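# What the coordinates show
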Amino acid sequence: MQNLLPEPAPTRLPADPNAAELLAKADTEDAVKAVAAAFPAYSAAWARLAELALAEGEPVTAYAYARTGYHRGLDQLRRSGWRGAGPVPWAHEPNQGFLRALHALGVAAGAIGEADEAERCATFLNDSDPAATQALA
């Protein structure tokens, strides 16, 4: 059966050059925390904190950081016109913080035994952009 409804347009989050520059220079966990504190809506900082916590074997901490980055990203997606469906392209760099937070949330959820949430996150990530799934695998 052919889908006659048009696919929603891709959502592209706005760039935050100041936050991106500081995060690029952040070479310690404390420096990344400072970026998250200064730019709490910047999902990439929360995603990086989640990734660091996962690397340290701290899935509960990673879950908290990733959940924050995920929700802040959802807020931005909605403000950018996203209505709960449609592509969120990995190739658009400002989207990568949200997509990395979503991926980290799924990984952390799986690590703490939340298999259903881990699966939802994996599905959402792939539905957003299969390239994100490939890049983060």
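Everything below is about the structure printed above this text.
Everything in this summary refers to the structure shown in the same document.

The rules behind the values
- Residues numbered from 1 in each chain as written.
- Predicted model: local features only at pLDDT ≥ 70, side-chain atom pairs only at ≥ 80, totals over all residues.
- Heavy atoms only, no water.
- Phe/Tyr/Trp six-rings, centres within 6.5 Å; stacked < 30°, edge-to-face > 60°.
- Core = buried A, V, L, I, M, F, W, Y, C linked by side-chain atoms within 4.5 Å.
- Buried < 20%, exposed > 50% of the residue type's maximum accessible area, 1.4 Å probe, protein only.
- Helix = DSSP H or I, 4+ residues; strand = E, 2+ residues; numbered from the N terminus.
- Contact = heavy atoms within 4.5 Å.
- Axes fitted to C-alpha atoms, helices over the stretch in contact; angles between N-to-C directions.
- Parallel < 35°, antiparallel > 145°, perpendicular 65-115°, else oblique.
- Left-handed = near helix turned anticlockwise from the far one by under 90°.
- Nonpolar A, V, L, I, M, F, W, Y, C, P; charged D, E, K, R; others polar.

### Looking at the packing of aromatic side chains
Summed over the entire model, instances satisfying the criterion amount to five aromatic pairs. The rings of Y70, W82, F98 and F124 are connected pair by pair, giving a single aromatic cluster.

### Overview of the nonpolar core
Ranked by internal contacts, the top residues of the largest apolar core, which has 36 residues, are L23, Y42, L77, F98 and L99. Taken together, the elements giving at least two residues each to this core come down to α1 (17–25), α2 (29–38), α3 (43–55), α4 (59–79), α5 (96–111), α6 (115–128) and α7 (130–136).

### Thoughts on the side chain of E117
Its location among the elements puts E117 in helix α6. Not counting chain neighbours up to four residues away, the residues in contact with E117 comprise Y63, R67, L105 and A109.

### Points about the environment of Y42
Along the chain, Y42 falls in the loop between α2 and α3. Put simply, Y42 and L22 are 20 residues apart on the chain and 11 Å apart in space, counted from C-alpha to C-alpha. In this view, Y42 contacts D16, A19, A20, L23 and V35; residues no more than four positions away in its chain are not counted.

### Brief notes about the packing of α5 against α6
Packing of α5 against α6 brings their axes to within 7 Å, and their N-to-C directions diverge by 155°. On the basis of the axis angle, α5 is roughly antiparallel to α6. As α5 runs across α6, the sense of the crossing is left-handed. Listed contacts from α6 to F98, L99, L102, H103, L105, G106, A109 and G110 of α5 are E117, A118, C121, F124, L125 and S128. Here the residues of the contact of α5 with α6 sort into nine nonpolar, four polar and one charged.

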